[in-house]
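Geometric and topological summary
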Amino acid sequence: MYGREVEKVLIPKEEIESIVKNLGKQISKDFAGEELIVVCILKGSCIFFSDLVREINLDVRLDFMTISSYGNGTSSSREVKIVKDLSEDIKGKNVLVVEDIIDSGRTIKRLKELLAEREPKCLKIVSMLDKPERREVEVDGDYCGKQIPDEFVIGYGLDYAQNYRNFKDICVLAPAVYQK
C-alpha cells in the first residue's frame, strides 16, 4: 500500500474516523447551545480540522493560524514562530484550537499563552495525537484523539519535509528516510 518510507501503519483510516466522530460528539456536548470559534493550526491539522468541524453539531466559525517550530527536520527547533495570525477578535468568545499533535508541548504552550492574553471566554485545545514521552514543558490538550509512542508519524496531515500529508492512515516514518 505504501512505499519504503512507511515502517508501519500506526492508526488506520477507520480508527481515525471513529476517533474524530467521538471527539466531535464530546465537543458538541461540552459547548451545547454556545457558538464556537474553531481554529485550525496550519498545515498539519488541516485534514483533522476539516473532518472534525463536520462532526461538531454547533454554530461554528472557522479561523486559521500558521505556527512553525519544526522546519524540515524531525525534531523541534525550539523556536516558535507565528507566521499567520487569527483574522478575528476572540475576546469573550469560546475558542477551540485544533492541533495535529502535541509533542514537546512548546508550540501549544506558547500558543495558549498568546491566545489567553486576548481574553477569550473559554480556550480549549483538541489534538488528534498526543506524544507524552516527548513532553518538555507542562501542557496538556483538553481533548485528545489518541496517545502514541515516541515514533515519528506521517499521514492524515502530518508530514516530513512537507511530504506524506495526504496518506489516509497515520503511519510511522521509516528511519531510513530521515537518517540519510
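For every chain, the first residue of the written sequence is number 1, and numbering continues from 1 onward in sequence order. Given that the model is predicted, a residue must reach a pLDDT of at least 70 before its local features are reported, and side-chain atom pairs must reach 80 or more before they are shown or counted; all residues, however, enter totals for whole chains, interfaces and linings. The side-chain quantities take in all heavy atoms of the structure and omit both hydrogens and water.

1. Describing unusual backbone geometry
Here L42 and K43 are connected by a cis peptide whose omega angle stands at 0°. In this text, helices come from DSSP runs of H or I with a minimum length of four residues, and strands from runs of E with a minimum of two, each type numbered from the N-terminal end. One can find K43 in the loop between β2 (35-42) and α2 (46-53). You will see that E119, though not glycine, has its phi angle at about 60°, which is positive. Secondary-structure assignment places E119 in the loop between α3 (106-116) and β6 (122-130). Of note in this structure, Y156 is not a glycine but carries a positive phi near 50°. Turning to its location among the elements, Y156 is positioned in the loop between β8 (153-154) and β9 (170-173). Overall, the relative accessible area of 6% leaves Y156 in the buried class. Between buried and exposed lies partly exposed: a residue is buried under 20% and exposed over 50% of the maximum accessible area for its type, with that area taken using a 1.4 Å probe on protein chains only.

2. Description of the sheet that holds strand β1 (residues 6-11)
The pairing of strands in a sheet comes from backbone hydrogen bonds and takes either a parallel or an antiparallel form. Note on pairing: DSSP must find at least two bridges between two strands before they are called paired. With antiparallel pairing, the 3 strands of this open sheet are ordered in space as β1-β9-β8. The open sheet is flanked by β1 and β8, the only strands paired with a single partner. Inspection of the sheet shows β1 paired to β9 by 4 bridges, in the antiparallel sense. Counterpart to I11 in the pairing with β9 is I170.

3. Points about the state of the cysteines
The term disulfide is used for any two cysteine sulfur atoms that are within 2.5 Å. The full count for this structure, using the stated rule, is 0 disulfides. Cysteine C40 shares no disulfide, and the gap to the nearest cysteine sulfur, in C46, comes to 5.9 Å. Judged by relative accessible area, C40 falls into the buried class, the value being 0%. No disulfide involves C144; its nearest neighbouring cysteine sulfur is the one of C40, lying 17 Å away.

4. Concerning the sheet that holds β6
Reading across from one edge, β4-β3-β2-β5-β6-β7 is the order of the 6 strands in this open sheet, with mixed pairing throughout. The sheet is open, and its two edges are formed by β4 (81-84) and β7 (143-147), each paired on a single side. The mean angle between the axes of side-by-side strands here comes to 30°, regardless of whether they run parallel or antiparallel. As paired elements, strand β5 (residues 94-102) and β6 share 8 bridges and run parallel to each other. Pairing of L96 across the sheet is with K124, part of β6. In this analysis, axes come from line fits to C-alpha atoms, helices being fitted only over the stretch in contact, and the angle between any two N-to-C directions falls in the range 0 to 180 degrees.

5. Structural notes on the packing of aromatic side chains
Any two of the Phe, Tyr and Trp rings considered here, Trp counted by its six-membered ring, make a pair once their centres fall within 6.5 Å; the pair's planes then place it as stacked at under 30 degrees, edge-to-face at over 60, or tilted in between. The full count for this structure, using the stated rule, is 6 aromatic pairs. A connected cluster of aromatic rings, assembled from ring pairs, spans Y2, Y164 and F167.

6. Section: the pairing of β5
Along any regular strand, the residues point their side chains to alternate faces of the sheet. Burial runs high along β5: 9 of the 9 residues are buried. Of the pairings in the sheet, the one linking β2 to β5 comprises 4 bridges and is parallel in character. Directly across from C40, in β5, lies its bridge partner V98. When the strands point away from the viewer, a crossover counts as right-handed if the path from the first strand over the helix to the second runs clockwise. With α3 bridging β5 and its parallel neighbour β6, the resulting β-α-β unit is right-handed.

7. Overview of the pattern of salt bridges
Salt bridges, as used here, are contacts in which a Lys or Arg side-chain nitrogen is within 4 Å of a carboxyl oxygen on Asp or Glu. Taken as a whole and judged by the stated rule, the model has 17 salt bridges. In this structure, D85 and R118 form a salt bridge, with 2.7 Å as the shortest nitrogen-oxygen distance. In this pair, D85 is assigned in the loop between β4 and β5 and R118 in the loop between α3 and β6, connecting sequence segments 33 residues apart. The class of D85 is partly exposed, set by a relative accessible area of 32%. In this structure, R165 and D159 form a salt bridge, with 3.2 Å as the shortest nitrogen-oxygen distance. Pair check on accessibility: R165 and D159 agree, each one buried. Residues participating in the shared-partner salt-bridge network are D103, K131, R134 and D150.

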